[in-house]
Amino acid sequence: MRKLLIAGNWKMYKTISEAITLVNTIKAGVHSINGVDIVVCPPFTALDAMSKSVERTSIELGAQNMYSATEGAYTGEISPQMIKDIGCRYVILGHSERRGYFKETDDMVNKKVCLALDYNLNPIVCIGETLEQREQSKTKEVVRTQFENSLKGLTVDQMNNIIIAYEPVWAIGTGKNATPQQAEEVHKYIRQLIVNTYDRTVSENVRILYGGSVKPDNCGDLMQKGNIDGALVGGASLKAESFIQIIAKAKEISDNNK
Ligand code: 13P
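Residues numbered from 1 in each chain as written. Predicted model: local features only at pLDDT ≥ 70, side-chain atom pairs only at ≥ 80, totals over all residues. Heavy atoms only, no water.

### Comments concerning helix α9 (residues 180-197)
The terminal C-alpha atoms of α9, which comprises 18 residues, lie 25 Å apart, in line with the 26 Å expected from a rise of 1.5 Å per residue. Among the residues of α9, Pro180, Ala183, Glu184, Val186, His187, Tyr189, Ile190, Arg191, Leu193, Ile194 and Val195 are the ones counted as buried. (Helix = DSSP H or I, 4+ residues; strand = E, 2+ residues; numbered from the N terminus. Expected span 1.5 Å × (residues − 1). Buried < 20%, exposed > 50% of the residue type's maximum accessible area, 1.4 Å probe, protein only.)

So, in structure tokens, the structure goes:
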């Protein structure tokens, strides 16, 4: 049985003091909730403060990106060693905003994934099609290519530490979420890709999150689906109230039937 995971991707929002206020409210709202993995991914500048704020709570910390080298003359970059050192257990890799705005390729994502695993970080690897690709019926082809190339060469043990986030680009920040049926179809397909590349045991272990306009009022129907193991939440994770509601819904679903 896979534990549901709710991760908040704060993107480029929140100063340190705003981040502290947000995480403290989240902490108060989730302190009695167990059985759901909770991750917040603030901007790099707030990680140190967040790491202190979430000490001795069930909230884990993730970074939103990292560079694919341990150290070196890479001005402006942050290494896996550094995010591990600051207290991160997770790292989001290959987000569509990085693929789009910063031209990250599957090869670059793959290098990052491999190095993150070397540092015992759990990569949350994002894949998903654009609207144009969906309209051209290329969703599965795009998702398969990103899956195969971003996760190339991983051993079974490594794959067991991966979290996949299916984030259709057309659903990100648009208020237009994939329907539970649309999302489930792709999640099921991704799980089959894991069976084909590894085996059924690995495919049953790996969590596949849905991301793209997840809100308190649509998260329940999404997470009821058998292959949707939680959510990667953008906008709704920036407000404590909506993020807590999503986590509470996950808890209700996991208590009832997952
Ligand atoms: P929204 O929830 O704002 O659509 O963002 C989704 C996302 O990109 C999470 O990584």
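### Looking at the side chain of Arg2
Here Arg2 lies in the segment before β1 (5-9). Its relative accessible area of 16% is what places Arg2 among the buried residues. A polar side-chain atom of Arg2 sits 3.1 Å from the main-chain carbonyl oxygen of Gly226. Side-chain polar atoms of Arg2 contact the side chain of Asp229, separated by 2.9 Å. The contact partners of Arg2, leaving out residues within four places of it in the chain, are Arg191, Ser203, Glu204, Asn205, Val206, Arg207, Gly226, Asn227 and Asp229. (Polar contact = N/O pair within 3.5 Å; in protein donor to acceptor, adjacent residues only side chain to side chain. Contact = heavy atoms within 4.5 Å.)

### So, the side chain of Thr139
Note on placement: Thr139 falls in helix α7 (residues 139-150). According to the relative accessible area criterion, Thr139 is buried, its value standing at 9%. Setting aside residues no more than four positions away along its own chain, Thr139 makes contact with Glu129, Gln133, Arg134, Tyr166 and Val186.

### Here we look at the packing of aromatic side chains
Across all of its chains, the model carries three aromatic pairs by this definition. Centroid distance Tyr67 to Tyr74: 4.7 Å. Interplanar angle 45°. Geometry classified as tilted. Exposure remark for Tyr74: the relative accessible area of 39% places this residue in the partly exposed category. With 6.4 Å between their ring centres and 80° between their planes, Tyr101 and Phe102 make a pair best called edge-to-face. For Tyr101, a relative accessible area of 66% translates into the label exposed. (Phe/Tyr/Trp six-rings, centres within 6.5 Å; stacked < 30°, edge-to-face > 60°.)

### Here's the deal with the packing of helix α1 (residues 16-30) against helix α2 (residues 44-53)
Taken N-terminus to C-terminus, the directions of α1 and α2 make an angle of 30°; their axes are 9 Å apart at the nearest point. Taken as a pair, α1 and α2 cross one another with a handedness that is right-handed. Along its contact with α1, which presents Ile16, Ala19, Ile20, Val23, Asn24 and Lys27, the element α2 presents Thr45, Ala46, Ala49, Met50 and Ser53. Looking at the contact of α1 with α2 residue by residue, the classes come out as seven nonpolar, three polar and one charged. (Axes fitted to C-alpha atoms, helices over the stretch in contact; angles between N-to-C directions. Left-handed = near helix turned anticlockwise from the far one by under 90°. Nonpolar A, V, L, I, M, F, W, Y, C, P; charged D, E, K, R; others polar.)

### Quick word on the sheet that holds β1
Strand order in the closed barrel made by the eight strands is β1-β2-β3-β4-β5-β6-β7-β8, with parallel pairing throughout. Adjacent strand axes in the sheet meet at a mean angle of 25°, parallel and antiparallel pairs treated alike. (Pairing = 2+ DSSP bridges.)

### Some remarks on the site of the ligand
Taken together, 13 residues lie around the ligand, and Lys11, His95, Gly173, Ser213 and Gly235 are the ones closest in. At 2.8 Å, a side-chain N or O of His95 approaches an oxygen atom of the ligand. Glu167 is positioned with one of its side-chain polar atoms (N or O) 2.9 Å from an oxygen atom of the ligand. When the free accessible area of the ligand is taken as 310 Å², the share hidden by the protein chains comes to 96%. Looking at the shell around the ligand residue by residue, the classes come out as four nonpolar, seven polar and two charged. (Near = heavy atom within 4 Å. Areas by Shrake-Rupley, 256 points an atom, 1.4 Å probe, with all protein chains shown as cover.)

### Focus: the nonpolar core
One finds Ile6, Met159 and Ile164 to be the most contacted residues of the largest nonpolar core, which totals 71 residues. A per-element tally of this core places helix α12 (residues 240-256) first, with seven residues. Contacts of Ile164, omitting those with residues within four sequence positions, involve Val125, Ile127, Phe147, Leu151, Met159, Ile190, Ile194, Val206, Arg207, Ile208 and Leu209. Ile92, Ile124, Leu209 and Leu232 belong to the second largest nonpolar core, which has twelve residues in total. (Core = buried A, V, L, I, M, F, W, Y, C linked by side-chain atoms within 4.5 Å.)

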